[in-house]
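One letter stands for each residue in the lines below.
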Amino acid sequence: MKAARIHEFGGPEVLRYEDVADPKPRKDQVLIRVKACAMNHIDLWIRGGLTGVKLPHIIGSDIAGEVVEVGEYVTSVKAGQRVLLAPMHFCNHCVACTSGRQNQCREFTVLGNGVDGGNCELMAVPEVNVIPIPDSLGFNEAASVPLVFVTAFHMLTGRASIRPGQTVLVLGANSGVGIAAIQVAKLFQATVIATAGDDHKAQRARELGADFVIDHYKQKIGDEARKITAKEGVDIVVEHVGAATWNESMKALKPGGTLVTCGATTGHSVSVDLRFLFSKQYNLLGSYMGTMGELHEVLRHVFHGKLKAVVDRTFPLNEIRAAHEHMERSQMFGKIVLNP
Ligand SMILES: [Zn+2]
């Protein structure tokens, strides 16, 4: 099969489109023909060098395609079915996995990170990862869903315990997690304040359901959020930007409010003033991907059309270097999808 692999870490030039041996599915696995693989920021970090990545390596976490064949022990899907893949790898038998907390498994990793991913034509994966999709959902849209929607759903429900009608500040409305978080928050009839970097992105954020949009280049996020909430502050902040926005995100919180973070795109070192942490009784929560149960739950809303994937643009897999360069310029609104 054809695959895009890296043999060394570095810039887009280390991505090589080449011939690789076809994967051989085990008796408990499903062979998938990849039709679409959406990109995530983690793709750029892996390409640049992440510990635990064995070379040569195939990147790509968000995959949709068709079942080619199933192993002898597989009962829930059959050849020809249209599916997407749960973007995670876990042992499926430890205490964490069997109690539904796959993202706390010691073997937990994202597809395309600790194990090979979907920037290729064929993949062999465990049956538990394979989830049928309705005919109404295109492959590019299906591939754009899993990672960001399970991440946003886990942040808001599993971690921040969102309640109907709360006020939620979503950083970076144009990012995959931002797009998902705005929509998930609206499922709970939240008042959503989003941040965006220009008028076009602000308009797109409103179309997704944001009630207010702050320009994060021209305005102070914390001050604006307090103004919008009549000085009260917000119940929940969805953070993934990191160092560049951390202080403003903290300022936006109401007493007893929750800041939940799943990333640190602009830097991972921040400071916390403990006097405010204890006197305002803030909750600072970490969040990483989500559970299989949350993935199935959020997908139900996607399959019913209540939550929508946003595709920025597609590239053929053999133009993966251009796709990485496009993502590095970070001008997109929505997902970049590779088609093998
Ligand atoms: Zn496990």
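Quick caveat, the model's predicted, so the values are computed rather than measured. Residue numbers here run from 1 along each chain, matching the order of that chain's written sequence. For a predicted model such as this one, the threshold for reporting local features is a pLDDT of at least 70, and the threshold for listing and counting side-chain atom pairs is 80 or more; totals across whole chains, interfaces and linings nevertheless cover every residue. The basis for the side-chain values is all heavy atoms of the structure; hydrogens and waters are excluded.

A. Highlighting the overall build of the protein. For the protein, the helix and strand inventory stands at 11 helices and 17 strands. Relative to the globule expectation of 20 Å for 340 residues, the C-alpha radius of gyration of the protein, 20 Å, shows essentially globular dimensions. Buried, partly exposed and exposed residues are distinguished by accessible area as a fraction of the type maximum, computed with a 1.4 Å probe on protein chains only: under 20%, between the cut-offs, and over 50%, respectively. Expressed as a percentage of the 340 residues in the protein, the buried residues total 53%. Throughout, a residue-residue contact means that at least one pair of heavy atoms, one from each residue, lies within 4.5 Å. Once local pairs closer than 6 in sequence are excluded, the contacts in the protein between residues at least 24 apart make up 69%. Only DSSP runs of H or I reaching four residues or more are called helices, and only runs of E reaching two or more are called strands; each is numbered from the N terminus. Every radius of gyration here is taken over C-alpha atoms, with the globule rule written as 2.2 Å times N^0.38, N being the number of residues.

B. Fine view of unusual backbone geometry. Backbone torsion omega between Leu 55 and Pro 56 reads -5°, so that peptide bond is classified as cis. Relative to the elements of secondary structure, Pro 56 occurs in the loop between α1 (41–49) and β4 (62–70). One non-glycine residue, Asn 92, lies in the positive phi region at around 70°. With respect to the helices and strands, the residue Asn 92 is situated in the loop between β6 (88–89) and α2 (95–98). Judged by its relative accessible area of 41%, Asn 92 falls in the partly exposed class.

C. Spatial organisation of α1. Listed as buried for α1 are Ile 42, Asp 43, Leu 44, Ile 46 and Arg 47. Looking at the packing, one finds that the buried side of α1 touches β1 (2–6), β2 (15–19), β3 (29–38) and α11 (320–329).

D. View of the layout of surface pockets. Points on a 1 Å grid, built from protein atoms alone, make a cavity when a 1.4 Å probe fits but cannot get out and make a pocket when they are open with protein on both sides within 12 Å along at least 5 of 7 lines; residues with an atom within 4 Å of a point are the lining residues. Grid points are joined across faces, edges and corners, and a volume is the space filled by probe spheres set on the points. Looking at the largest pocket, its volume works out to about 1,100 Å³. Lining the largest pocket are 43 residues, with His 41, Trp 45, Ser 175, His 240 and Thr 265 positioned closest to its centre. Contributions of two or more residues to the lining of the largest pocket are made by α1, α4 (146–159), α5 (176–187), α11 and β17 (335–339). There is about 310 Å³ of room inside the second largest pocket. Lining the second largest pocket we find 20 residues, and of these Pro 23, Asp 116, Met 123, Ala 124 and Val 125 sit closest to its centre. Of all the elements in the fold, those that place two or more residues in the lining of the second largest pocket are β6 and β8 (122–126). Considering every element that reaches the lining of the second largest pocket, the biggest residue donor is β8, with 5 residues. Think of it as three bins: nonpolar holds Ala, Val, Leu, Ile, Met, Phe, Trp, Tyr, Cys and Pro, charged holds Asp, Glu, Lys and Arg, and polar takes everything else, Gly as well. In terms of residue class, the lining of the second largest pocket is built from 14 nonpolar, 4 polar and 2 charged.

E. Spatial organisation of the nonpolar core. Put simply, buried Ala, Val, Leu, Ile, Met, Phe, Trp, Tyr and Cys residues joined by side-chain atoms within 4.5 Å make one nonpolar core. With 62 residues, the main nonpolar core has Leu 156, Val 168 and Ile 182 as its most contacted residues. Setting aside its immediate chain neighbours within four residues, Val 168 contacts Leu 156, Ile 162, Ala 185, Ala 190, Thr 191, Val 192, Ile 193, Ile 236 and Val 238. Counting 21 residues, the second-largest nonpolar core is a separate cluster that includes Ile 32, Val 34, Cys 37 and Leu 111.

F. Structural detail: the packing of aromatic side chains. Pairing of aromatic side chains here covers Phe, Tyr and the six-membered ring of Trp, requires ring centres within 6.5 Å, and sorts the geometry by plane angle: under 30 degrees stacked, over 60 edge-to-face, intermediate tilted. Applying the stated criterion across every chain, the model contains 1 aromatic pair. On the basis of an interplanar angle of 75° and a centroid distance of 5.7 Å, the ring pair of Phe 108 and Tyr 288 is categorised as edge-to-face. Of the two residues, Phe 108 is situated in the loop between α2 and β7 (109–110) and Tyr 288 in the loop between β15 (283–286) and α10 (292–303); the sequence distance between them amounts to 180 residues. In this structure Tyr 288 comes out as partly exposed when scored by relative accessible area, which is 41%.

G. Local environment of the pairing of β1. Most of β1 is tucked away, with 4 of its 5 residues classed as buried. Of the strand pairs in this sheet, β1 and β2 are connected by 5 bridges, and their pairing is antiparallel. Residue pairing for β2: Arg 5 is matched across the bridge by Arg 16. When DSSP finds two or more bridges between two strands, those strands count as paired.

H. Representation of the packing of α4 against α5 in the model. For the pair α4 and α5, interaxial distance at closest approach is 8 Å and the crossing angle is 50°. If you check the angle between α4 and α5, you find them oblique. Relative to α5, α4 is oriented so that their crossing is right-handed. Taking contact as the criterion, the partners of Val 148, Phe 149, Thr 151, Ala 152, Phe 153, Met 155 and Leu 156 in α4 are, on α5, Gly 176, Val 177, Ala 180, Ala 181, Gln 183, Val 184 and Ala 185. Residues that form the contact of α4 with α5 fall into these classes: 11 nonpolar, 3 polar and no charged. Orientation is described by axes fitted as lines to C-alpha atoms, over the contacting stretch for helices, and by angles from 0 to 180 degrees between their N-to-C directions. Comment on the angle field: the value is read as roughly parallel under 35 degrees, roughly antiparallel over 145, roughly perpendicular from 65 to 115, and oblique elsewhere. In this scheme, a crossing is called left-handed if the near helix is turned counterclockwise away from the far one by less than a right angle; it is called right-handed if the turn is clockwise.

Purely geometric stuff here, so don't read any function into it on its own.
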